[in-house]
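The primary structure of each chain is shown beneath.
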Amino acid sequence: MASKQSTIDFILEQIAAAGEVSAKKMFGEYGVYCDGKIVAFVCDDQLFVKPTNAGKAFIGEFTEGCPYPGAKPYLFISGDQWDDSEWLTNLIKISMTKLPIQKKKSPKGKKV
């Protein structure tokens with residue numbers, strides 16, 4: 001079951017204060033970006049945040065889940081936590097600062 005656009009819009013609205021946030025359709029679901037870094041996935045209308053030690057410490061007792069088959073475990077953020085915009089924004093900010101900057105891929109066939 002694909003995620004609804006309304007779910008993506010709501011999550012982006014809730015985390016807008018985290019930085020420059022956007023979502024990109026990926027493999028039938030969505031990747032969530034903050035300041036150019038992918039920080040989460042929304043799959044089947046469920047939110048999965050990339051795990052970092054800082055994010056885990058912020059959450060405290062956390063639940064892990066896989067956003068798609070074959071994926072590594074991510075931090076599962078239940079829907080009832082989405083309503084707390086300040087909490088969700090802080091989680092995204094904390095996690096984003098601990099994630100590496102994405103490397104730009106060179107065009108196919110060209111060596112850099």
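## Details of the pairing of strand 3 (residues 37-43)
Where burial is concerned, most of strand 3 is hidden: seven out of the seven residues are buried. Bridge count for strand 2 (residues 29-34) against strand 3 is five bridges, and the pairing is antiparallel. Note that in strand 3 the partner of Y30 across the bridge is V42. Where strand 2 hands over to strand 3, the hairpin turn is made up of two residues, of which D35 adopts a positive phi near 50 degrees. Judged from the four bridges that link them, strand 3 and strand 4 (residues 46-49) form a sheet pairing that is antiparallel. Each residue of the ladder has a partner; that of C43, found in strand 4, is Q46.

## A closer look at the nonpolar core
By size, the foremost hydrophobic cluster in this structure holds 23 residues, and its most contacted members are V39, L47, V49 and I77. Those elements that provide at least two residues to this core are helix 1 (5-14), strand 2, strand 3, strand 4, strand 6 (74-77) and helix 3 (85-98). When residues in this core are grouped by element, the largest group, five residues, is from helix 3. Look past the residues within four positions of L47 in its chain and what remains in contact with it is I11, A40, F41, V42, L75, F76, I77, W82 and L88.

What counts, and where the lines are drawn
Residues numbered from 1 in each chain as written. Predicted model: local features only at pLDDT ≥ 70, side-chain atom pairs only at ≥ 80, totals over all residues. Heavy atoms only, no water. Buried < 20%, exposed > 50% of the residue type's maximum accessible area, 1.4 Å probe, protein only. Helix = DSSP H or I, 4+ residues; strand = E, 2+ residues; numbered from the N terminus. Pairing = 2+ DSSP bridges. Core = buried A, V, L, I, M, F, W, Y, C linked by side-chain atoms within 4.5 Å. Contact = heavy atoms within 4.5 Å.

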